[in-house]
Amino acid sequence: MEQPHAPVAAEASAGAEVAGDAYIIRPLDLADLSKGFCELLAQLSLSPPLSEEAFRARFAELAALGADHLVLVAEEVATGRLAAAGAVMVERKFIRRCGLVGHLEDVVVDAAARGRGLGERLVRRLVEHARGRGCYKVILNCTTELKGFYAKCGFEEKNVQMGLYF
Ligand SMILES: CC(=O)SCCNC(=O)CCNC(=O)[C@H](O)C(C)(C)COP(=O)(O)OP(=O)(O)OC[C@H]1O[C@@H](n2cnc3c(N)ncnc32)[C@H](O)[C@@H]1OP(=O)(O)O
């Protein structure tokens, strides 16, 4: 199981050849604000730059959740810049004998690093974290266009997503 919010020095798991050689996947670190974290998230959704103060405050909130909230990033070894990010949070339920559900969120790979297996590798790490926490399933919302990617990551289509935005 991943230890969230702490740097990981070595990447041991096997991935696609290029991804395995060129990137280290590790939990988000406080230093990542200056390594392109916000720029990466801006490729996913509306995500303007964060002040150091705002980033630190949110980081501390998430760190307080311990292993129930994990943000992983992929750092390019050659440049020290972030090339991918993703998160999984563990929901604590009453059903299924107080079962746990993993929610996969905010998966993004930098446009220049796509198509090398990095996204799949990151998602599989997040899924393994949820499994290690004892989750009986991991779920996510995505567009129709991304069904193929998540199928490659082992997911299958279930139910319908609905949203109410404020
Ligand atoms: C829960 C959420 O967060 S949903 C939001 C997902 N994020 C985004 O949409 C942000 C913009 N897009 C991205 O960041 C990236 O394109 C990602 C994360 C979707 C994919 O990352 P990549 O690193 O390019 O994917 P990766 O190279 O690991 O692809 C793995 C497999 O999925 C396939 N794949 C990748 N993207 C797609 C796609 N859009 N449709 C179908 N198949 C795909 C690849 O061809 C590959 O298959 P292969 O093993 O047969 O070659």
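Scroll up for the structure.
This write-up is about the structure you can find in this document. In this text, all values refer to a predicted model and were calculated from it rather than measured experimentally.

1. Things to note about the site of the ligand
Residues in close proximity to the ligand total 22 residues, the closest being Val107, Val109, Gly115, Gly117 and Lys152. Contact distances for the ligand include 2.8 Å between an oxygen atom and a backbone N or O atom of Gly119. One of the side-chain nitrogen or oxygen atoms of Lys152 is found 2.5 Å away from an oxygen atom of the ligand. Going through the elements one at a time, β4 (100-109), α5 (118-133) and α6 (147-152) are the ones with two or more residues in the shell around the ligand. For the shell around the ligand, the per-class residue count stands at ten nonpolar, five polar and seven charged.

2. Quick look at the pattern of salt bridges
The final tally for this structure, using the stated rule, is twelve salt bridges. Residues Glu75 and Arg26 are paired through a salt bridge, measuring 2.6 Å at the closest nitrogen-oxygen approach. Note that Glu75 is positioned in strand β2 (residues 69-76) and Arg26 in strand β1 (residues 23-27), a separation of 49 residues in sequence. Like Arg26, Glu75 is buried.

3. A closer look at the packing of aromatic side chains
Taken as a whole, this structure holds four aromatic pairs when the rule is applied. Ring centres of Phe55 and Phe59 lie 6.2 Å apart, and the angle between their planes is 50°; on these two criteria the pair is classed as tilted. Taken together, the residues Phe55 and Phe59, both in helix α3 (residues 52-63) and four residues apart, mark about one turn of the helix. Here the two residues Phe55 and Phe59 agree in accessibility, since each one is buried. The interplanar angle of 65° and the centroid separation of 4.8 Å between the aromatic rings of Phe149 and Tyr150 together place this pair among those described as edge-to-face.

4. Describing the sheet that holds β4
In spatial order, the strands read β1-β2-β3-β4-β5; together these five strands make up an open sheet with mixed pairing. The open sheet has two edge strands, β1 and β5 (137-139), and neither has a second partner. Direction aside, neighbouring strands of the sheet carry axes that sit 20° apart on average. Examined bridge by bridge, β2 and strand β3 (residues 82-92) share seven bridges and lie antiparallel to one another. Among the inter-strand pairings, Leu70 is bridged to a residue of β3, identified as Val88.

Cut-offs applied
Residues numbered from 1 in each chain as written. Predicted model: local features only at pLDDT ≥ 70, side-chain atom pairs only at ≥ 80, totals over all residues. Heavy atoms only, no water. Near = heavy atom within 4 Å. Polar contact = N/O pair within 3.5 Å; in protein donor to acceptor, adjacent residues only side chain to side chain. Helix = DSSP H or I, 4+ residues; strand = E, 2+ residues; numbered from the N terminus. Nonpolar A, V, L, I, M, F, W, Y, C, P; charged D, E, K, R; others polar. Salt bridge = Lys/Arg side-chain N within 4 Å of Asp/Glu carboxyl O. Buried < 20%, exposed > 50% of the residue type's maximum accessible area, 1.4 Å probe, protein only. Phe/Tyr/Trp six-rings, centres within 6.5 Å; stacked < 30°, edge-to-face > 60°. Pairing = 2+ DSSP bridges. Axes fitted to C-alpha atoms, helices over the stretch in contact; angles between N-to-C directions.

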